[in-house]
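Listed here are the chains, written in short residue letters.
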Amino acid sequence: MQSRARTAGAWSLAALSTTMTALTAIVAPSTAFAHGAPEFPISRQYNCFKNPSLPACQAAIAYGGEQAIYDWNGVNQANANGNHKAVAPDLKICAGGQEKFKGFDLARADWPATAYSPGTDGKYEYRYNATAPHRSLNWTFFLTRDGWNPATSPLRWSDLEQVQQLGPEQIVTSGKTIYTMKLTLPKRTGRHVLFSAWQRSDSTEAFYACSDVDFGGGTTPPGTPSDLKQIGQVSAAQDLPSGSTVKLRVFNGAGNDLETTSITLTAAATKSAWLGQIATKVNQSSAYLKIGTLQGGVVVVPGGATVMDVYLQNANSGASYAMDVLLPTTPPTTPPGTTWTEGASYTVGQVVSYQGRSYRCLQAHTAYVGAGWTPASSPTLWQAL
């Protein structure tokens, strides 16, 4: 049988490791106390939960600990009561003032940025995945000032200006878990951070998030209106061997198949290589979707990317998507002498044996002594064969 990994809608796609990360997060003890994060433009904590192998996310985990990505929807302060600058002070803004989330404040130029353009109404869409919905007093949005450099320093309040505050009557709720808002933002070019503060009306608790955005610039007019609608992302969390098949399937509102775009690899491919191949083919042939980065109303496939946005060509079509990855039918054999050993380092694709079963390495890592990262207990690092 073929090994298969699948994700749909706004979830990152293609890698079994991402799915297993999500399952791990669901059973994490502290998840019951968490309440949400922006999905568009995607916030640092939500992006790292979905794509922990991203270099910036690996740095955040190394600096602040892995628990931060399990508790991605709990960047909060219980007693904020609207005093956001007090509870989330300078240099700790993206972490919401919490030590556990300090990795999300790292000053880095490689935080993945969402290409951000207004719709035909001239406003910018903002969507929040509320895993535990609450009544809202208000939502306050701050945007970095012109000249801000993401690699210079963690955010300070002097880097930000308040650009909008919305009341509960300005929030559209979909399925009781997705809050959608329309923002009026000042002119900006290039990379910026959109910082949001959600204040509950039934409690003094507030929630915080930093979303990295790119307004474009250069020869492309920034903020060009577009009929395209971003509905999710695709990501590649592992290299694929020769013979693997990647399928991008599109469905209508009733869940019926509309079209399928597929590629079969004739040679082993890196994460960015095969994701680029399927994105290019979708953009050439799909009647419903575009995959890549939005630049001045045009979607282009960026080189070397392992995460890309998915756009509806017609914002009102109601189409959805899923990506399937099917590995070769012949599983690799375990070479002699490759028994998993604590303290050793492993590379992507390496196969080991552990307790009578074979596992493939999904992320390069060192199994530090005492960490307990065995193949059987670490689905984000190992895939059972």
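Residues numbered from 1 in each chain as written. Predicted model: local features only at pLDDT ≥ 70, side-chain atom pairs only at ≥ 80, totals over all residues. Heavy atoms only, no water.

Overview of the pattern of salt bridges
So, step 1. Taken as a whole and judged by the stated rule, the model has 14 salt bridges.
So, step 2. Across the pair Asp110 and Arg108 runs a salt bridge whose closest N-O atoms are separated by 2.8 Å.
So, step 3. Since its relative accessible area comes to 35%, Asp110 is described here as partly exposed.
So, step 4. Among the ionic pairs, Arg191 bridges to Asp212, the shortest N-O distance being 3.7 Å. Of this pair, Arg191 sits in strand S10 (residues 191-200) while Asp212 sits in strand S11 (residues 206-214); the two residues are 21 residues apart in sequence, bridging distant segments of the chain.
So, step 5. Note on Arg191: relative accessible area 25%, which makes it partly exposed.
So, step 6. Here Asp212 falls in the buried class, since its relative accessible area comes to 1%. (Salt bridge = Lys/Arg side-chain N within 4 Å of Asp/Glu carboxyl O. Buried < 20%, exposed > 50% of the residue type's maximum accessible area, 1.4 Å probe, protein only. Helix = DSSP H or I, 4+ residues; strand = E, 2+ residues; numbered from the N terminus.)

Things to note about the state of the cysteines
So, step 1. A full pass over the atoms with the stated rule returns two disulfides.
So, step 2. Two residues share a disulfide in this structure: Cys48 and Cys57, whose sulfurs sit 2.1 Å from each other. Between Cys48 and Cys57, the disulfide has an S-S torsion of -85 degrees and is therefore left-handed.
So, step 3. Take Cys48: its relative accessible area is 0%, and that puts it in the buried class. (Disulfide = S-S within 2.5 Å.)

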